[in-house]
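Breakdown of the fold
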Amino acid sequence: MTRRQVDIAVATGYAVVCFLAVLAPALAVRWSVFKSDIEGVGGRDIVAASVIIGAAHAAVAWVRLRSEERTALRRSHMWIASLNALAVLSLSSSVLLLVVLLSFPDTHAAMANRGFPVVVLWAATQLVAVILAEATGRVMFWWLEPHGAEARACKWRVLPAIPRPRLLNRGPAAPADGSVPIPEVPVLPVPPTATERARPGRLVPLESRSR
Amino acid sequence: MTRPRTRLNRREFLAAGLGTAGVVAAGATLFGGVLPRLAHEDLVPGRAPDLQLTPNDWHVGPGRLSFVALGDNGSGGRQAMAVAEQMARTYQTQPFGLVSLLGDICYYGRFADRFDDVFRRPMEPLIDAEVNFELAIGNHDAALNHSDASIEEIEAELELLGTPGRYYTTSHGPVDFFYLDSSTPGLFGVGASEQLEWLDDALASSTNEWKVVALHHPIYSAGEHGSTPGAQERLQPVLDRRAVDLVLSGHDHHYERAVPADGITYVVSGGGCKTTRVGRSDFTVAAESTLQFVHVEVQDDRLSGTSIRPDGTVVDRFRLRAREGRRGAMA
């Protein structure tokens, strides 16, 4: 596999993990129903909501990773930031749901009985978790990357920089008769010989030097 | 050209450590507690059943009674609402006049605060149909301890449901019911308790054809909590001596029917809103980890019980004959 294929595969794998982290709470809620093989209890709506939010977040994460691969001064910055984002996503997508549902059962029950779609509450909580994770990843990446003079002085870029757009002025025009112009070969200075180095201060004209 | 730096600087090391620790902690938290809790509990709120039932549609006579036994239904969530809706649908085809609640009727808060969510709304069709509700005190803390908060909770349940006491007896048609408070310390412990003595006397003075005992903690269970320690030693001799026919309990969130012991059939009906795993023991005849309730019909010397899931399918059926003439259960 080429390096580009490896990059794409790894970014896709990370996106899949993010998707599963968002989907896990909905599957957990449906697990007891699935295990009991009972219909009519519901739960498909929250699974669908989690699938939509998880897929959207996976796509965003994939695009972010591919973008960071091109701009990162060190690849490790990208993966450290993604690791932190994954930790935040895993915890917040489940713990936040548990806290919200356990903390206000009366309010939620009253809302549900007034016809308020509970799936909106579920989706909103997961959306907050996804936003927290994305913010963590981006802020962490910005924090790790050198900025300003340090970035300009950095000579160990892993990937080539994004090619700059070509200039409009491409140099002298071609001759009208179709002949190929002979490019000028620059004359490089001849390094001093050992004898010359031993006698500093004596300047020897270019023409008298032997090659 | 300068060689690339391979070692992490302080900032990178800190961030990498934080991320690694975060992922490890997330994994441990999720698979150790959060996801199992989401799977086990009934946290997603549900809508109450919207059915109109014909009031007083059941038959109660000298030899006839229908009732439902339901345990551990106090979540107010979708699963509890599904079970309640199926109870209302069952009433439409097989009306019953009594619901025996087997404890743990309120989770995630105080009963006084959640009365509407966990009782009135799910049972509204049955309440409007003037079905009676009787309660065996439970203890969803899963501990046989008395605390001030626990006592307040129990008092609230008794008051709001109109329950005459922590343990009491009622009579409906051919069936005498004996409701116990298994949360009381000493009910299953060493030394006779006041409640056991009361039960012995009440059973002795019962003259009805059927005797049904309802309590929260099971005497026989192959589920997560299992058989209650001390129950077989302390309570079962009283039940055997007084020829009880059926013992209903909850606490473990599954359905289970045990092999009849001395003519007594023990049934666990704790799948009111949650499910926990259940195994198989030597005493298990039928068991399933599922949401369910038990519908019982008594007609003269025959008692038939059916465990029903929220989708209307049947988990288990059993039939008993009255003590006079023949002992044992016929499934």
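Please read all numbers here as calculations on a predicted model, not as lab measurements.

Conventions we followed
Residues numbered from 1 in each chain as written. Chains lettered and ligands numbered in written order. Predicted model: local features only at pLDDT ≥ 70, side-chain atom pairs only at ≥ 80, totals over all residues. Helix = DSSP H or I, 4+ residues; strand = E, 2+ residues; numbered from the N terminus. Buried ≥ 20, exposed ≤ 12 C-beta atoms within 10 Å, placed from the backbone. Core = buried A, V, L, I, M, F, W, Y, C linked by C-beta atoms within 7 Å. Contact = placed C-beta atoms within 7 Å. Domains from an automatic or database assignment. Nonpolar A, V, L, I, M, F, W, Y, C, P; charged D, E, K, R; others polar. Pairing = 2+ DSSP bridges. Axes fitted to C-alpha atoms, helices over the stretch in contact; angles between N-to-C directions. Expected span 1.5 Å × (residues − 1). Bend = angle between axes of the 7 residues up to and from the residue. Parallel < 35°, antiparallel > 145°, perpendicular 65-115°, else oblique. Left-handed = near helix turned anticlockwise from the far one by under 90°.

1. Quick notes on the overall build of chain A
- When helices and strands are counted, chain A shows 7 helices and 0 strands.
- Walking chain A from its N terminus toward its C terminus, one meets helices and strands in the order α-α-α-α-α-α-α.
- Within chain A, the fraction of its 211 residues that count as buried is 32%.

2. Describing the nonpolar core
- Of all hydrophobic cores here, the largest spans 79 residues; its most connected members are Val 68, Leu 126, Ala 136, Leu 180, Val 213, Ala 214 and Val 247 of chain B.
- The leading source of residues in this core is helix 2 (residues 78-93) of chain B, at 8 residues.
- In this view, Val 247 of chain B contacts Val 213, Ile 219, Leu 239, Ile 264 and Tyr 266 of chain B; residues no more than four positions away in its chain are not counted.
- With 48 residues, the next largest nonpolar core counts Ala 15, Leu 83 and Leu 97 of chain A together with Leu 30 of chain B among its residues.

3. Description of the domain arrangement of chain B
- Assigned domains of chain B: these are domain 1 (12-41) and domain 2 (64-330).
- One C-alpha centre belongs to domain 1 of chain B, the other to domain 2 of chain B; they are set 39 Å apart.

4. What to know about the interface of chain A and chain B
- On the side of chain B, 45 residues touch chain A, which itself brings 39 residues to the contact.
- Elements that contribute at least two residues to the side of chain A that touches chain B include exactly helix 1 (3-36), helix 3 (75-103), helix 4 (105-113) and helix 5 (118-144) of chain A.
- Taken together, the residues of the side of chain A that touches chain B break down into 24 nonpolar, 11 polar and 4 charged.

5. Considerations on the sheet that holds strand 6 (residues 210-214) of chain B
Residue and element names in this part refer to chain B.
- Spatially, 7 strands are ordered 4-5-6-7-9-8-10 in an open sheet, and the strand pairing comes out mixed. A strand with exactly one partner marks an edge of an open sheet, and here the two such strands are strand 4 (168-172) and strand 10 (284-288). The mean inter-strand angle of the sheet, taken between neighbouring strand axes irrespective of direction, is 15°.

6. Quick look at helix 3 of chain A
- Counted at 1.5 Å a residue, the expected span for helix 3 of chain A with its 29 residues is 42 Å, and the 41 Å between its end C-alpha atoms agrees.
- Bending of helix 3 of chain A peaks at approximately 30° at the position of Ser 92 of chain A.

7. Topic: the environment of Lys 211 of chain B
- With respect to the helices and strands, Lys 211 of chain B occurs in strand 6.
- As for Lys 211 of chain B and Arg 37 of chain B, which are separated by 174 residues in sequence, their C-alpha atoms are 38 Å apart.

8. A short note on the packing of helix 3 of chain A against helix 5 of chain A
Residues and elements named next belong to chain A.
- Two elements in contact, helix 3 and helix 5, have axes separated by 8 Å at closest approach and are oriented at 155°. With respect to each other, helix 3 and helix 5 are oriented roughly antiparallel. The two elements helix 3 and helix 5 cross, and the hand of that crossing is right-handed.
- Each residue belonging to the contact of helix 3 with helix 5 can be placed in one class, and the counts come to 17 nonpolar, 9 polar and 1 charged.

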